[in-house]
Amino acid sequence: NAEYMGVTGDGTNDGPALKRANVGFGMGITGTQVAQEASAIILMDDKFSSIVKAVKWGRNVYDSIRKFLQFQLTVNIVAVLLTCIGAIANEFGESPLKAIQLLWVNLIMDTLAALSLATEEPDDSVLDRAPVRNTDPLISITMWTHILGQSVYQLGFLLLLLWDGHEWLDIKRDSREHYAMIFNVFVVMQLGNEFNCRVVDNSLNCFRGMFSHFLYIAILLGTAVVQVLIVEFGGDWMQTTSLNGPSWGLAFVFGFGSLVVGFVLRLFPNKAPEFVRAQERAAAAKVAAQAAAEP
């Protein structure tokens, strides 16, 4: 079934099974040297509860990688397309997102997002779900649905702001204020989407456990404060200008919209197409046959 097999052992006679298993757990105190050398992981305290902790942290690391990928791919898709389409549509080839602003966006995507999404400690709920097969893709159908759905929402409204937003707010088109408003809406959308990326399945509550994760809250609030400072006081350095109340209100509305879109996307069950599931079954059968053929 293309699943991983774990084996525990402490004696010399357990060596072959420990070596053949996908994950062999040897005993660090009572285990023989042969058993320890054949093991992939050695339990230093000889407690089976340590295996449960290892599974919890292993699943947590796996989930953290997927959360980060879901967030980063969404930001990348929207930023690249907005920059390219905006530059092509502008008669002077000017992009709505400036180079220095993209550096701040890159900092949000990489360092801050990794720290906030990948540092959450696991809880017992990660043990309730079925194990991940070794043929399962890292980016699931549910994740792709969220990535593409958020990208369409964000890019669609950002392009609408690029072409018609100046009329809504009675500002000059392609002015610094116009582009600063688009940059601000883009960043606030990412902050809203960061809540959604705390879950990589169809769990509706993306706020579960958030208030016990103080680093996440601190980074999110810190990012919001820095964004306000950049927009209001960045000036020539960040190529921004102070925005009025309606511009900030628009940013908050679209940022909250990212949360609503994420909630709606999680309402729909996502299943891979039949041909994809057929390929997965074939791959699983191939792995099982190879394992059975090994001496």
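Worth saying up front: this structure is predicted, and the values here are computed from it rather than measured.

Thresholds, definitions, all that
- Residues numbered from 1 in each chain as written.
- Predicted model: local features only at pLDDT ≥ 70, side-chain atom pairs only at ≥ 80, totals over all residues.
- Heavy atoms only, no water.
- Helix = DSSP H or I, 4+ residues; strand = E, 2+ residues; numbered from the N terminus.
- Rg over C-alpha atoms; globule rule 2.2 N^0.38 Å.
- Buried < 20%, exposed > 50% of the residue type's maximum accessible area, 1.4 Å probe, protein only.
- Contact = heavy atoms within 4.5 Å.
- Areas by Shrake-Rupley, 256 points an atom, 1.4 Å probe, with all protein chains shown as cover.
- Lys, Arg positive; Asp, Glu negative; His and termini not counted.
- Charge placed at Lys NZ, Arg CZ, Asp CG, Glu CD.
- Salt bridge = Lys/Arg side-chain N within 4 Å of Asp/Glu carboxyl O.
- 1 Å grid on protein atoms, 1.4 Å probe; cavity = no way out; pocket = protein on both sides within 12 Å on 5 of 7 lines; lining within 4 Å.
- Points joined across faces, edges and corners; volume = space filled by probe spheres on them.
- Nonpolar A, V, L, I, M, F, W, Y, C, P; charged D, E, K, R; others polar.
- Right-handed = clockwise from strand over helix to strand, strands pointing away.
- Pairing = 2+ DSSP bridges.
- Bend = angle between axes of the 7 residues up to and from the residue.
- Phe/Tyr/Trp six-rings, centres within 6.5 Å; stacked < 30°, edge-to-face > 60°.
- Lys NZ or Arg CZ within 6 Å of the ring centre and 35° of its normal.
- Expected span 1.5 Å × (residues − 1).
- Arc of directions from axis to C-beta.
- pLDDT = per-residue confidence, 0-100.
- Core = buried A, V, L, I, M, F, W, Y, C linked by side-chain atoms within 4.5 Å.

1. Section: the overall build of the protein
Turning to step 1, where the next piece is worked out: Helix and strand content of the protein: 10 helices and three strands.
Turning to step 2, where the next piece is worked out: Counted from the first residue to the last, the protein has its helices and strands arranged as β-α-β-α-β-α-α-α-α-α-α-α-α.
Turning to step 3, where the next piece is worked out: Radius of gyration (C-alpha) of the protein: 24 Å, far over the 19 Å computed for a compact globule of 295 residues.
Turning to step 4, where the next piece is worked out: A burial count over the protein gives 43% of its 295 residues as buried.
Turning to step 5, where the next piece is worked out: The long-range share in the protein, meaning contacts at least 24 apart out of those at least 6 apart in sequence, stands at 69%.
Turning to step 6, where the next piece is worked out: As presented, the protein carries roughly 15,600 Å² of accessible surface, and 65% of it is formed by carbon and sulfur atoms.
Turning to step 7, where the next piece is worked out: In the protein, which carries 21 positive and 28 negative side-chain charges, the distance between the mean positions of the two groups comes to 6 Å.

2. A word on the pattern of salt bridges
Turning to step 1, where the next piece is worked out: Counted under the stated rule, the structure contains seven salt bridges.
Turning to step 2, where the next piece is worked out: A salt bridge links Asp63 to Arg129, with the nearest nitrogen and oxygen atoms 3.1 Å apart. Here Asp63, found in helix α3 (residues 49-89), pairs with Arg129, found in the loop between α4 (99-117) and α5 (141-169); they are 66 residues apart in sequence, far enough to count as distant.
Turning to step 3, where the next piece is worked out: Relative accessible area serves as the criterion here: at 9%, Asp63 is assigned to the buried category.
Turning to step 4, where the next piece is worked out: We classify Arg129 as partly exposed; its relative accessible area is 31%.

3. Quick word on the layout of surface pockets
Turning to step 1, where the next piece is worked out: If you add up the space inside the second largest pocket, you get close to 700 Å³.
Turning to step 2, where the next piece is worked out: In terms of lining residues, the second largest pocket is bounded by 20 residues, among which Tyr4, Val23, Val55, Arg59 and Pro131 are the most central.
Turning to step 3, where the next piece is worked out: Looking at which element gives the most residues to the lining of the second largest pocket, the answer is α3, with six residues.
Turning to step 4, where the next piece is worked out: Along the lines of polarity and charge, the residues of the lining of the second largest pocket split into 11 nonpolar, four polar and five charged.

4. As for the environment of Ala17
Turning to step 1, where the next piece is worked out: Among the secondary structure elements, Ala17 is positioned in helix α1 (residues 15-20).
Turning to step 2, where the next piece is worked out: Through-space distance from the C-alpha of Ala17 to that of Ala35 is 9.4 Å; in sequence the pair is 18 residues apart.

5. Some details on the pairing of strand β2 (residues 23-27)
Turning to step 1, where the next piece is worked out: Counting buried positions over the five residues of β2 gives four, a clear majority of the element.
Turning to step 2, where the next piece is worked out: Note that the unit made of strand β1 (residues 6-9), α1 and β2 has a crossover that is right-handed.
Turning to step 3, where the next piece is worked out: In this structure, β2 lies alongside strand β3 (residues 41-43), joined through three bridges in parallel fashion. When the bridges of β3 are listed, Met27 appears paired with Leu43.
Turning to step 4, where the next piece is worked out: As for the winding sense of the linkage, the β-α-β connection from β2 through helix α2 (residues 33-38) to β3 is right-handed.

6. Points about α5
Turning to step 1, where the next piece is worked out: Remark: the principal bend of α5, roughly 65°, maps to Trp163.
Turning to step 2, where the next piece is worked out: Asp170 sits one or two residues past α5 and shows a positive phi near 55°.

7. Comments concerning the packing of aromatic side chains
Any pair of aromatic rings gets described here by the distance separating the centres and the angle formed by the planes.
Turning to step 1, where the next piece is worked out: Scanning all chains against the criterion turns up five aromatic pairs.
Turning to step 2, where the next piece is worked out: The structure contains a cluster of three or more aromatic residues connected by ring pairs, namely Tyr153, Phe157 and Phe254.
Turning to step 3, where the next piece is worked out: The side chain of Arg198 reaches across the aromatic face of Tyr216, ending 5.5 Å from its centre.

8. Some words on helix α7 (residues 214-233)
Turning to step 1, where the next piece is worked out: Compared with the 28 Å implied by 1.5 Å per residue over 20 residues, the 28 Å span of α7 between its first and last C-alpha is a close match.
Turning to step 2, where the next piece is worked out: Within α7 the residues assigned to the buried category are Tyr216, Ile219, Leu220, Thr223, Gln227, Ile230 and Val231. Taken around the axis of α7, the buried residues stretch over an arc of 100°, which confines them to a single face. Away from its buried face by more than 90 degrees, α7 exposes Phe214, Leu221 and Phe233.
Turning to step 3, where the next piece is worked out: Elements that come into contact with the buried residues of α7 comprise α4, α6 (176-196), α8 (235-238) and α9 (245-267).
Turning to step 4, where the next piece is worked out: In the segment just after α7, Gly235 is the residue with positive phi, at about 55°.

9. Structural notes on the confidence of the model for the protein
Turning to step 1, where the next piece is worked out: Taken over all residues, the pLDDT of the protein has a mean of 87, while the share at 70 or more is 91%.
Turning to step 2, where the next piece is worked out: Ranking the elements of the protein by mean pLDDT puts helix α10 (residues 274-293) last with 63 and α6 first with 94.

10. Examining the nonpolar core
Turning to step 1, where the next piece is worked out: With 52 residues, the main nonpolar core has Trp104, Leu158, Met181, Ile182, Phe183, Val185 and Phe186 as its most contacted residues.
Turning to step 2, where the next piece is worked out: For this core, the secondary structure elements donating two or more residues are α3, α4, α5, α6, α7 and α9.
Turning to step 3, where the next piece is worked out: Ranked by residue count, the leading element in this core is α6, at 12 residues.
Turning to step 4, where the next piece is worked out: Beyond its immediate stretch of four places on either side in the chain, Ile182 contacts Leu82, Pro96, Leu158, Leu161 and Leu162.

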